[in-house]
Amino acid sequence: MTQAHPYKTLISAANLLPNAHNPNWVIVDCRHDLMDPGAGQAAYAAGHIAGARFANLDRDLSGAKQAADGSFKGRHPLPEKDALIATLRGWGISDDTQVVAYDAQGGMYAARLWWLLRWIGHDSVAVLDGGLAAWQAEGQTLTTAEPTPTPGNISAKAPLTSSVDAHDVLVNLTSPRRTVIDARAPDRFRGENETIDPVGGHIPGAKNRFFKDNLQADGRFKSGHQLHEEFGALISEPQAAVMQCGSGVTACHNLLALEIAGLHGAALYPGSWSEWCSDATRPMARGA
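Below: a short report on this structure. What you are looking at is a predicted structure, and each value in this text was computed from that prediction instead of being measured. (Residues numbered from 1 in each chain as written. Predicted model: local features only at pLDDT ≥ 70, side-chain atom pairs only at ≥ 80, totals over all residues. Heavy atoms only, no water.)

As for the packing of aromatic side chains
Tallying each qualifying case throughout the model produces four aromatic pairs. Here the aromatic rings of Tyr7 and Trp25 are separated by 5.9 Å at their centres, their planes lie at 65°, and the arrangement is edge-to-face. Within this pair, whereas Tyr7 is found in the segment before strand 1 (10–11), its partner Trp25 is found in strand 2 (residues 25–29), the two being separated by 18 residues in sequence. On the basis of relative accessibility, which here comes to 23%, the residue Tyr7 falls in the partly exposed class. Aromatic pair Trp115 and Trp119: ring centres 6.0 Å apart, planes at 20°, arrangement stacked. (Phe/Tyr/Trp six-rings, centres within 6.5 Å; stacked < 30°, edge-to-face > 60°. Helix = DSSP H or I, 4+ residues; strand = E, 2+ residues; numbered from the N terminus. Buried < 20%, exposed > 50% of the residue type's maximum accessible area, 1.4 Å probe, protein only.)

Structure, rendered in structure tokens:
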């Protein structure tokens, strides 16, 4: 039986604990390392929350990098919805399932699964606040046993999110109606120390909000009130805001923070800087 009030943004380890073995709940391990794509799977194999399924960012939470016309869509384009639905069903997720996503990186990968579920209209999804460290701080041990889920029946519904493409962002440069927020670290935003994408810099006019600034020192999210104040200094109207990053992953962390803050309606630019900088005809900026 589904709980009366599903978790839609964050869940604490203390609140997950009594529900961890609820058959109507599915826990998903989203650990990853952009510089070592096999690290998440290795970490999962070494120990994970009992019953947790493993989500591979590249395979499960992203789609093909090349568009039909051969153009580059970015390092982590959105998956095809049908493929995502099939993956979620394989994990045992149904329309009435409470999903909990976690990682060990402050939610930077778990937030991507959170956003994708909302993208297909599923709102009963939350990120474990504080991640695996918070779970272990509750005295909980990990297991190496892998679950064998019974397939679920989740289906696509009206999306609870919105997205824009490179053309929309390009048009916005000459007719600025949207505020673009870049979630990357400040040095990468300025075009310094770029080690992932071939070109350093940012989309002209974008503002920088490093996703890690959404967290407290203990790795948990700041309060909704504090996030509202901090994002309010950057955007006046969330429905006219676009979140982006390097490849559309940590931008979802900022989207989660906005939701916690009660600032609803911002869009994701999935291709983000990795797609944007792949076309030399698109304008690029460097510096602060």
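On we go.
Points about the side chain of Asp182
Within the element layout of this structure, Asp182 appears in strand 6 (residues 179–182). A polar side-chain atom of Asp182 sits 2.8 Å from a polar atom in the side chain of Arg184. Non-local contacts of Asp182, meaning those with residues more than four positions away in its chain, are made with Phe189, His202, Lys207, Asn208, Arg209, Phe210, Gln244 and Cys245. (Polar contact = N/O pair within 3.5 Å; in protein donor to acceptor, adjacent residues only side chain to side chain. Contact = heavy atoms within 4.5 Å.)

Here's the deal with the sheet that holds strand 4 (residues 98–102)
With respect to topology, five strands assemble into an open sheet ordered 1-5-4-2-3, the strand pairing being parallel. The open sheet is flanked by strand 1 and strand 3 (53–54), the only strands paired with a single partner. Note that strand 2 and strand 4 share five bridges and pair parallel. Paired with Ile27 across the bridge in strand 4 is Val100. Running at roughly 175° to strand 5 (residues 125–128), helix 4 (residues 110–119) makes contact with strand 2, strand 4 and strand 5 of the sheet. (Pairing = 2+ DSSP bridges. Axes fitted to C-alpha atoms, helices over the stretch in contact; angles between N-to-C directions.)

Some details on the nonpolar core
Ranked by internal contacts, the top residues of the largest apolar core, which has 55 residues, are Leu88, Leu113 and Trp115. Of all the secondary structure elements, the ones that give two or more residues to this core are strand 2, helix 3 (81–90), strand 4, helix 4, strand 5, helix 8 (224–232), strand 8 (241–244) and helix 9 (251–260). Counting residues per element, this core draws most heavily on helix 4, which supplies eight residues. Sequence-distant contacts of Leu88, that is, excluding residues within four places in its chain, are made with Ile93, Leu113, Leu117, Ile120 and Ile154. Of all hydrophobic cores here, the second largest spans 17 residues; its members include Ile11, Trp25, Ile49 and Leu132. (Core = buried A, V, L, I, M, F, W, Y, C linked by side-chain atoms within 4.5 Å.)

Some remarks on the sheet that holds strand 6
For sheets, the rule is that strands pair by backbone hydrogen bonds, running either parallel or antiparallel. Read from one edge of the open sheet, four strands run 7-6-8-9, paired in parallel fashion. Two strands close off the open sheet at either side, each with one partner strand: strand 7 (207–208) and strand 9 (267–268). Across the face of the sheet, helix 9 comes into contact with strand 6, strand 8 and strand 9 while running at roughly 140° to strand 8.

So, unusual backbone geometry
For Asn193, which is not a glycine, the phi torsion comes out positive at approximately 55°. Topologically, Asn193 is positioned in the loop between helix 7 (186–189) and strand 7. Here Asn193 falls in the exposed class, since its relative accessible area comes to 57%. Here Ser272, not a glycine, exhibits a phi torsion of approximately 50°, which is positive. Note that Ser272 resides in helix 10 (residues 272–276).

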